[in-house]
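Listed below are the residues making up each chain.
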Amino acid sequence: MAETTVFVRKASGLVRAWSLFDGFIYAFFSVNLITLGLYIFAFAPFFPEAHLVPAIIISSLFIIGEIIVYSMLISIMPRAGGDYVWQSRVLGGGLGFVLSMTGWVFILWHWVPVYGNILSYEVLSPLALWLASWTQNKGFIDLALWFIDKNGLFFSSLIVIILAFVFVGLGMKTYARIQKFCFYVGMGGLLISIIMLLSADKAAFINNFNSFAASMFQVDANLYQKILEQAKSAGYTPVAWNQMSVVAGLPLIPLVLFWNLWPNWGATLYGEVQGATEFKRNFWSMMGGLLVAVILALLLLALFAKTFGWEFYLAVNSVFFGGESPLPIFPYPGLFIALLSSNPLWQLIILLSLSMWFFGWCGTVFLSSTRVIFAAAFDRVLPEWVAHVSPRTRVPFNALLLMAIPATIISILYSYLPGFSTYTLDTTVVIAITYLGTTIAGILLPYRDKALFASSPVSRYKVGTVPVISIAGVIFAAFLAWNIYKWATDSTYGVNNPVSAIYMLILYLIAITIYVVSKWLRRKQGIDLEMVYRNIPVE
Amino acid sequence: MTRIFFATDVHGSEVCWKKFINAGKFYQAEVLILGGDITGKALVPIVSIPGKKYKVSFLEQQMTIKEGQLEEIESLIRNRGYYPLVVSEEEYQELCRDQALVKKRFEELVLQTAEKWLEYAEARLKEWGIDCYICPGNDDMFEVDEVFKKGERVKVAEGKVVEINHRWLMVSTGWTNPTPWQTYRECSEEELHVKLENIVQQLDTSLEYAIFNFHAPPYQSGLDEAPELDAMLRPKYAGRSLVPVGSKAVRVIVEKYQPPLGLFGHIHEGKGIKRLGKTLCINPGSSYEQGILLGCLIDLDDTGIKKYLLTSG
């Protein structure tokens, strides 16, 4: 039986489907392997009994649930503002505002010093070391060390704020192009890195590493061995590379989530774009981003084990975060890969091309936040001025300042207030709670707004009579709840101390206060905020 | 004080039209205003097959339905803004071969639906005592105006000055600047400028209480950001690259006359509120495919705009 078709007439907005590849790039950059991934993997030695590989695989399997929920929500209700709009529609305006403002605005102020850290550790400090090696000017070694000191970290945070401000200010058209350029150059760098890791042997790496460290920092001529011994004497014995049991993966899952929880990061950006309702396209964009990132992560870790030695890779991170490393810089694998070549130009090409993973990614720290701010301002919960866009430059200055000013203050506290950096570990906890809110909205939507669900292309996806969005939502919600429990009860993750909990509660309290005050003020003006999402009954 | 409810771009969605008509009573608005693009874009053939069954392509899937499900599917199709058409296999094949026939059936369905919508609206608006102004947009064929002109409570506002209350006046047009789709009511920016000037000139009083209800939003106002398209009309960068596509003529006219309120539509992605000089510019956006009526409530009195609220009903 031949398939039937739909006849369309001349009408505006009839566009073809967007490229799956373009959607993939954004999701892939959000689960950013080189910047966020390598940074997060470096914390693995805090769990000596655990193994990264099963943790990555198991957590990513559960994140497929997240991808199903978000791609179906986009299909049912494509809205700029994403989580905020879905939660407001299904769970109510108050809950939607509180969860989204904390998760997408307040907490992203705290992401800035994390981004700053990564910029220092993985881009600026390695480049300064390369300059030192190339010019034989020791001043650049001091610069490399300065970048990872508190002043350098604050400097890097300011660079992140400026870059994010400029990228968002330039507009989506320009930012999308910058991101695509960074993707191609960054992937080129990764490909070269993989080839070099494949072709180099461990002995060559040890030799190059030792001579580089000795010439730069006047350390032991066999620093490689010294680091292994120092880690062992500190009581650190990692799980061997080939011991990848499921049980060994569990402790690291709540840590790995800091890296791979974000394939849905673009969900706030889809807006009412034509074609955004196509479930499969959204699903495969995000799924492709996650899948490729996971495959590359596993490949890179295997190559690290082969070329650097698995025990060394973990030991060098262990002694670094232990605070007594004879190697005074962050053990960035990108730098180690560059050391596989003795040609300064190749080294520079590797470092610069891998740094594109950072520059293509760092705009995302403000991008989604400004959309949520706009959505809340259009709903009159936030004042109109926050959504003001300069008529001349088309830059949303106020929304950006609302991100940049608090982010600067948080960055100062992060760099100069001892102990404050622990609170930034809350960044993932709070966003996970926001995602949990959206997931619950996804579970309930087919039952709370039956007409809306029935009119969507995803209403046909059912197991028996239960919608797939609800099933995937329950699985993912249980997974998130388990992680939140682990973060709250295991001190190794660094977020379960009472001060940290109070800090999180203060953030929620601020959001609740804004909503309550706004609602009261609007009521005084004769505006009922409850009206915004109330369904119009049809007679 | 007068409360108006403005929505736009329902694009044939029956549930959105019904919500629009019911919005007056629900939001306690005295006046309803519908921007352009009232009619649908697609015709969905439901082909009868042996065994009292039908096959239909809808919501990204090919479905075979039983006779008992026909009414439900037709309703879903209408609510999404499309026109269901039950045909035999022979009629369907003929439609596939004959573009002129498709056009003819389209016109018939658009006008039949408009008649039905008008009937639905008149019965309720008369009972509730609510006025309704509609202004067909660039996607609406001219014959649609003639159907709605038969209404008593529903009035076609294209090119006219209408009294919202004793003080507030509104001028409207559904014409837009050129689009890539060569639709019914689009023209060059120069022609549009002349049209807009002629419309505004009809306001022989002060513009202190004027509403400009123009389908095309002002260029670079933020209310006109649509996905950048390539030569094949595919959104670039997965739809994340947005570019301004509004009308320069509309912007010039708004900035020249500075009415207190500007109501716009056309760009579904451009939902928002912006101020251009003294003018509060509103584009409520559109989510017609989901059956959600995006709109804006605005309270007007003798001192100006008292309050406004974007809604998602």
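Further up the page is the structure itself.
Residues numbered from 1 in each chain as written. Chains lettered and ligands numbered in written order. Predicted model: local features only at pLDDT ≥ 70, side-chain atom pairs only at ≥ 80, totals over all residues. Heavy atoms only, no water.

A. The interface of chain B and chain A, seen in detail. Listed by partner, the interface residues are 84 residues for chain B and 71 residues for chain A. In this assembly, chain B packs against chain A so that about 7100 Å² is buried in total across both faces, 56% of it on carbon and sulfur atoms. Taken as a group, B:Glu60, B:Tyr237 and B:Arg240 account for 11% of the area that chain B buries against chain A, more than any other trio of residues on that side. Across the chain B-chain A interface, the total number found is 2 salt bridges. For the salt bridge of B:Glu228 with A:Arg177, the shortest nitrogen-to-oxygen distance reads 2.8 Å. Where chain B meets chain A, there are 11 residue pairs in polar contact (both at pLDDT 80 or more). Counting residues per element, the side of chain B that touches chain A draws most heavily on helix H1 (residues 14–27) of chain B, which supplies 8 residues. By residue class, the composition of the side of chain B that touches chain A is 40 nonpolar, 22 polar and 22 charged. (Contact = heavy atoms within 4.5 Å. Buried area = accessible area lost by both parts, 1.4 Å probe. Salt bridge = Lys/Arg side-chain N within 4 Å of Asp/Glu carboxyl O. Polar contact = N/O pair within 3.5 Å; in protein donor to acceptor, adjacent residues only side chain to side chain. Helix = DSSP H or I, 4+ residues; strand = E, 2+ residues; numbered from the N terminus. Nonpolar A, V, L, I, M, F, W, Y, C, P; charged D, E, K, R; others polar.)

B. Representation of the pattern of salt bridges. A complete count under the given rule lists 24 salt bridges over all chains for this structure. For the salt bridge of B:Glu108 with B:Arg105, the shortest nitrogen-to-oxygen distance reads 3.2 Å. On the criterion of helical spacing, the pair formed by B:Glu108 and B:Arg105 is a turn pair, its members being 3 residues apart in helix H4 (residues 99–128). Judged by its relative accessible area of 30%, B:Glu108 falls in the partly exposed class. B:Arg105 gets classed as partly exposed once you look at its relative accessible area, which sits at 24%. Through salt bridges with shared partners, a single network forms among A:Arg177, B:Glu228 and B:Lys236. (Buried < 20%, exposed > 50% of the residue type's maximum accessible area, 1.4 Å probe, protein only.)

C. Representation of the environment of B:His266 within the structure. On the secondary structure map, B:His266 appears in the loop between strand E14 (261–263) and strand E15 (272–276). On a C-alpha basis, the gap between B:His266 and B:Ser88 in space is 36 Å, while along the polypeptide they are 178 residues apart. Those residues within four positions of B:His266 in sequence are excluded, and the remaining contacts are A:Ser12, B:Thr8, B:Asp9, B:Asp37, B:Asn138, B:Thr176, B:Thr179, B:His215, B:Ala216 and B:Pro217. Among the polar contacts listed, one links the side chain of B:His266 to the side chain of B:Asn138, at a separation of 3.4 Å.

D. Focus on the packing of helix H3 (residues 52–76) of chain A against helix H18 (residues 426–448) of chain A. Residue and element names in this part refer to chain A. Where H3 contacts H18, the two axes come as close as 10 Å, and the packing angle between them is 65 degrees. The handedness of the crossing between H3 and H18 comes out as left-handed. Contacts from Glu66, Val69, Tyr70, Leu73 and Ile76 in H3 reach Tyr435, Thr438, Thr439, Gly442 and Leu445 in H18. When its residues are assigned to classes, the contact of H3 with H18 shows 6 nonpolar, 3 polar and 1 charged. (Axes fitted to C-alpha atoms, helices over the stretch in contact; angles between N-to-C directions. Left-handed = near helix turned anticlockwise from the far one by under 90°.)

E. Spatial organisation of the packing of aromatic side chains. Taken as a whole and judged by the stated rule, the model has 75 aromatic pairs over all chains. When the centroid spacing of 5.9 Å and the interplanar angle of 80 degrees are considered together, the rings of A:Phe28 and A:Phe183 count as edge-to-face. Of this pair, A:Phe28 sits in helix H1 (residues 20–30) while A:Phe183 sits in helix H8 (residues 172–199), placing them 155 residues apart in sequence. For the pair A:Phe28 and A:Phe183, one class covers both residues: buried. Aromatic ring contacts, followed pair by pair, group A:Tyr70, A:Trp86, A:Trp104, A:Trp111, A:Tyr115, A:Trp262, A:Trp265, A:Phe358, A:Phe359, A:Trp361 and A:Tyr435 into a single cluster. Over the face of the ring belonging to B:Trp175 we find B:Lys195, whose NZ or CZ atom lies 4.0 Å from the ring centre. (Phe/Tyr/Trp six-rings, centres within 6.5 Å; stacked < 30°, edge-to-face > 60°. Lys NZ or Arg CZ within 6 Å of the ring centre and 35° of its normal.)

F. How the structure looks around a nonpolar patch on the surface. A grouping of A:Val246, A:Leu250, A:Trp482 and A:Tyr485 is seen on the molecular surface, where their side chains present a nonpolar patch of about 390 Å² in accessible area. Residue position: A:Tyr485 is located in helix H20 (residues 468–489). (Patch = residues over 30% accessible without salt bridge, like charges linked within 9 Å, V, L, I, M, F, W, Y side chains within 5 Å. Areas by Shrake-Rupley, 256 points an atom, 1.4 Å probe, with all protein chains shown as cover.)

G. Structural context of the nonpolar core. Within the largest apolar cluster, 278 residues are counted, with the highest numbers of intra-cluster contacts made by A:Trp259, A:Phe366 and B:Ile164. With 24 residues, the single largest contributor to this core is helix H5 (residues 93–135) of chain A. Residue contacts for A:Phe366: discarding those within four places in its chain leaves A:Val112, A:Ile161, A:Ala164, A:Phe165, A:Val168, A:Leu400, A:Met403, A:Ala404 and A:Ala407. B:Leu223, B:Val254, B:Phe264 and B:Leu276 belong to the second largest nonpolar core, which has 22 residues in total. (Core = buried A, V, L, I, M, F, W, Y, C linked by side-chain atoms within 4.5 Å.)

H. Up close: the sheet that holds strand E10 (residues 169–173) of chain B. Residue and element names in this part refer to chain B. Read across the open sheet, the 6 strands follow the order E9-E10-E11-E14-E16-E15; overall the sheet is mixed. A single partner strand is all that each edge strand has here, and the edge strands are strand E9 (161–163) and E15. Ignoring which end each strand starts from, the neighbouring axes of this sheet average 25 degrees apart. Direction of pairing for E9 relative to E10: antiparallel, over a ladder of 3 bridges. Paired with Val162 across the bridge in E10 is Met170. The strands touched by helix H7 (residues 248–257) are strand E11 (210–214), E15 and strand E16 (279–283); relative to E11, the strand with the most contacts, the crossing angle is about 175 degrees. (Pairing = 2+ DSSP bridges.)

Geometric values such as these leave the question of function open.
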